[in-house]
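Now for the letters of each chain:
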Amino acid sequence: MNFSISTSVFATAVGMTDRAINASSPQPSLRGIKIQAVNDSLILTGSNADISIMKTLHSDEENNLTIVEEGTILIESKYLLDIVRKMDSSIMTIEVIDGALTRFSGDRAVFKINGLNALDYPTIDFSKPGDTVTMPCSMLKDIIEQTTFATALKETRPVLTGVNFRLDDHILRCTGTDSYRLAKKTFPFNVDGSFNVTIPSRTLNDVKATMLDQGEEVIEISLSDKKAQFNIEDMVLQTRLLDGTFPDVDRLIPSSFDYVLSINRNELIRSIDRTTFIRSDNMSINRLQCSENEVILTSKSQEIGESRENLDCTFNGNDLDISFSGNYVIDAARALRGENITVNFSGDMRPFVLKDEDDESVIQLVLPLRTYN
C-alpha cells in the first residue's frame, strides 16, 4: 500500500473514526484503525464491537488523495493520531514497506510504525438494515441535545443509558430518563410504519460530533431489531441497540397542574447557578417557596452556609414549597430554546414539568426531593 493525502483531511478522518475505538480493548485489532486504499478511495474503519464507523475519502482537489499502490493496513489508533497531528507538512505519504511496517513521511519528518495484520481485523457487517427513514440533520441534532443529558450514566439498568425512539401514528417520540428526570421531544413525522428502539446516548453524541456539522442537509437512519445505522454521503456509523423494554414514562407526566411559574429561562439558570457551590451530600439542593406575593429560591448547607434570592417571575396558584436538584433543573432549562419558560407543578412531592412557552414539542420533567430543612 502506498498513497499520499492532505494531512489535515486525513487527521480529521482519523479523529472521526477514533471515536469508535476503545484504547483499552482486550482485543488488539480493535485498538486499531483499518486503512484500506482501493479504487482511488481511502476507507478508514474503527470499531469497539458496539459502535463501528466507516469513513470514505474519495480522491478530489480538496484532499489531494493519490493512490500509488492499493492495499490494507491496521495501525493502532493512538499512534496514528499522534503521527498525523504532529506531521510537519500539508501533504503526507503513507507506505507499507515491509510486511506490516508502515512509513509516514512529510517534508522532513519520517515515522516508522509496526502495524498489525489487517487479516486479524473482525469482519464488520455494514449492510443497511431494512427500515430506513431520513430526517434533517438539524432535527436530529435538536433531539440529541434535548434528550441525551437526561439518560442514566450507570449501567444498572442498561436500557436507561439510551434514548428511546418510538414511531407510531406518524408521531415520533424521543425520550431519555435516568428515573429521576425525563426529557421528551415529540413531533409529527410523516413516515409510514412504526418502530420502537433504544439507541445508546454515547452513539448519539458521536453522531452529533462527527456527522451533523458536515454541511449535509439530511441524514439517513436505518433500523433493525439489533442495530441502528446512520449514513451520510461519505460516512457510516452503526451501533447495537440496547436490550430491554423501555419504561412507560408517559404515566409519569402529570396531566394537569395546579401551580404555574412563568420566568425568563436565562434568569432561572443564573439564579440556580449562583447557589450550586452550596452542596449537601455532594448534591446541589434548592428549595422554592412560592406565594401570591413572592417566589423565593434558597439553598442551605450546615457545612457551607446558605443563599436566598427573590425571583423576578409570575406565579399562579396557592402557596407551594418544593425542593429539587438544582443541576437537574439547570440542565432541563438549558435544553429548552425559548426566552421564557413555564415551570408547571401539581404538588410539592409530584414531578414538575418545564416547558418552552412557544414550543410544546419538548417536555422536561424533574422529580422533587424530600428535605427536612
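Reading the values: rules and limits
Residues numbered from 1 in each chain as written. Predicted model: local features only at pLDDT ≥ 70, side-chain atom pairs only at ≥ 80, totals over all residues. Heavy atoms only, no water. Axes fitted to C-alpha atoms, helices over the stretch in contact; angles between N-to-C directions. Helix = DSSP H or I, 4+ residues; strand = E, 2+ residues; numbered from the N terminus. Parallel < 35°, antiparallel > 145°, perpendicular 65-115°, else oblique. Left-handed = near helix turned anticlockwise from the far one by under 90°. Contact = heavy atoms within 4.5 Å. Nonpolar A, V, L, I, M, F, W, Y, C, P; charged D, E, K, R; others polar. Buried < 20%, exposed > 50% of the residue type's maximum accessible area, 1.4 Å probe, protein only. Pairing = 2+ DSSP bridges. Phe/Tyr/Trp six-rings, centres within 6.5 Å; stacked < 30°, edge-to-face > 60°. Lys NZ or Arg CZ within 6 Å of the ring centre and 35° of its normal. Core = buried A, V, L, I, M, F, W, Y, C linked by side-chain atoms within 4.5 Å.

Direction vectors running N to C along helix 5 (residues 265-273) and helix 6 (residues 326-335) enclose 155°, while the axes themselves pass 10 Å from each other. Considering their axes alone, helix 5 and helix 6 lie roughly antiparallel with respect to each other. When you trace helix 5 past helix 6, the crossing you get is left-handed. In this structure, helix 5 uses Arg265, Leu268, Ile269, Ile272 and Asp273 to contact helix 6, whose residues at the interface are Gly326, Val329, Ile330, Ala333 and Arg334. Classifying every residue of the contact of helix 5 with helix 6 by side-chain character gives six nonpolar, one polar and three charged.

With that settled, consider the environment of Ile33. Considering the arrangement of structural elements, one finds Ile33 in strand 2 (residues 32-38). According to the relative accessible area criterion, Ile33 is buried, its value standing at 0%. Measuring from C-alpha to C-alpha, the distance between Ile33 and Ser77 comes to 5.6 Å, with 44 residues separating the pair along the chain. Beyond its immediate sequence surroundings of up to four residues, Ile33 is in contact with Val14, Thr17, Asp18, Ile21, Leu44, Thr45, Ile73, Leu74, Ile75, Ser77 and Leu80.

Put simply, side chains in a regular strand alternate between the two faces of the sheet. Along strand 1 (residues 2-6), five of the five residues are buried, which leaves the element largely enclosed by surrounding structure. With five bridges connecting them, strand 1 and strand 7 (residues 91-98) associate as antiparallel partners. Bridge pairing links Ser4 to Thr93 in strand 7. The sheet contact formed by strand 1 and strand 5 (residues 66-69) spans three bridges and is antiparallel. Looking across to strand 5, one finds that Asn2 is bridged to Glu69.

Before going further, it helps to spend a moment on the packing of aromatic side chains. We describe a pair of aromatic rings using the distance from one ring centre to the other and the angle between the two ring planes. Within the structure shown, the criterion is met by five aromatic pairs. Measuring from centroid to centroid gives 6.4 Å for Tyr259 and Phe315, while their planes differ by 15°, and the two rings are stacked. Of this pair, Tyr259 sits in strand 18 (residues 259-264) while Phe315 sits in strand 22 (residues 314-316), placing them 56 residues apart in sequence. Like Tyr259, the residue Phe315 is buried in the burial classification. Here the aromatic rings of Phe324 and Phe352 are separated by 5.6 Å at their centres, their planes lie at 65°, and the arrangement is edge-to-face. Taken together, the positions of Phe324 in strand 23 (residues 320-325) and Phe352 in strand 25 (residues 352-356) put the pair 28 residues apart, joining distant regions of the chain. Judged on exposure class, the residue Phe324 and its partner Phe352 are both buried. By the ring-pair criterion, three or more aromatic residues cluster together here, those being Phe324, Phe345 and Phe352. Between Arg181 and the ring centre of Tyr328, over which it is positioned, the NZ or CZ distance is 4.1 Å.

All right, on to unusual backbone geometry then. Even without being glycine, Ala49 reaches a positive phi, approximately 85°. On the secondary structure map, Ala49 appears in the loop between strand 3 (41-47) and strand 4 (51-58).

Right, let's talk about the side chain of Thr203 for a bit. Summarising the element assignment, Thr203 is placed in helix 4 (residues 201-211). Take Thr203: its relative accessible area is 0%, and that puts it in the buried class. Apart from residues lying up to four places away in sequence, Thr203 is in contact with Ile51, Phe230, Leu237 and Thr239.

A separate point is the nonpolar core. Ranked by internal contacts, the top residues of the largest apolar core, which has 34 residues, are Leu140, Phe165, Ile219 and Phe230. Not counting residues up to four positions away in its chain, the partners in contact with Leu140 are Met135, Val207, Leu212, Ile219, Ile221 and Phe230. By size, the runner-up hydrophobic cluster in this structure holds 28 residues, among which are Leu44, Leu65, Leu81 and Val84.

This paragraph deals with the packing of helix 1 (residues 7-18) against helix 2 (residues 77-86). Between two packed helices, the angle of one axis relative to the other and the distance separating the axes together describe the packing. Relative orientation of the contacting elements helix 1 and helix 2 amounts to 155°, with a least axis distance of 9 Å. Classed by the angle they form, the pair helix 1 and helix 2 counts as roughly antiparallel. Seen along the crossing, helix 1 lies across helix 2 with a hand that is left-handed. Of helix 2, the residues touching helix 1 (which contributes Thr7, Phe10, Ala11, Val14, Gly15 and Asp18) are Ser77, Leu80, Leu81 and Val84. Classifying every residue of the contact of helix 1 with helix 2 by side-chain character gives six nonpolar, three polar and one charged.

With that settled, consider the sheet that holds strand 11 (residues 162-168). Taking strand neighbours across the sheet as the criterion, the nine strands line up as 14-11-12-13-26-25-24-18-22 in an open arrangement whose pairing is antiparallel. Pairing within the sheet leaves two strands with one partner each, and these edge strands are strand 14 (195-200) and strand 22. Averaged over all pairs of adjacent strands, the angle between their axes in this sheet comes to 20°, without regard to strand direction. Pairing of strand 11 with strand 12 (residues 171-177) involves five bridges; the strand directions are antiparallel. Considered in strand 12, the bridge of Leu167 is made with Leu172. The sheet strands contacting helix 5 are strand 18, strand 24 (340-345) and strand 25, and the helix crosses strand 18 at an angle near 90°. Sheet strands in contact with helix 6 are strand 13 (181-188), strand 24, strand 25 and strand 26 (359-366), and its direction is about 170° off that of strand 26.

Checked against the element boundaries, Gly99 lands in the loop between strand 7 and strand 8 (101-105). Taking the C-alpha atoms as reference, Gly99 lies 27 Å from Phe126; in sequence the two are 27 residues apart.

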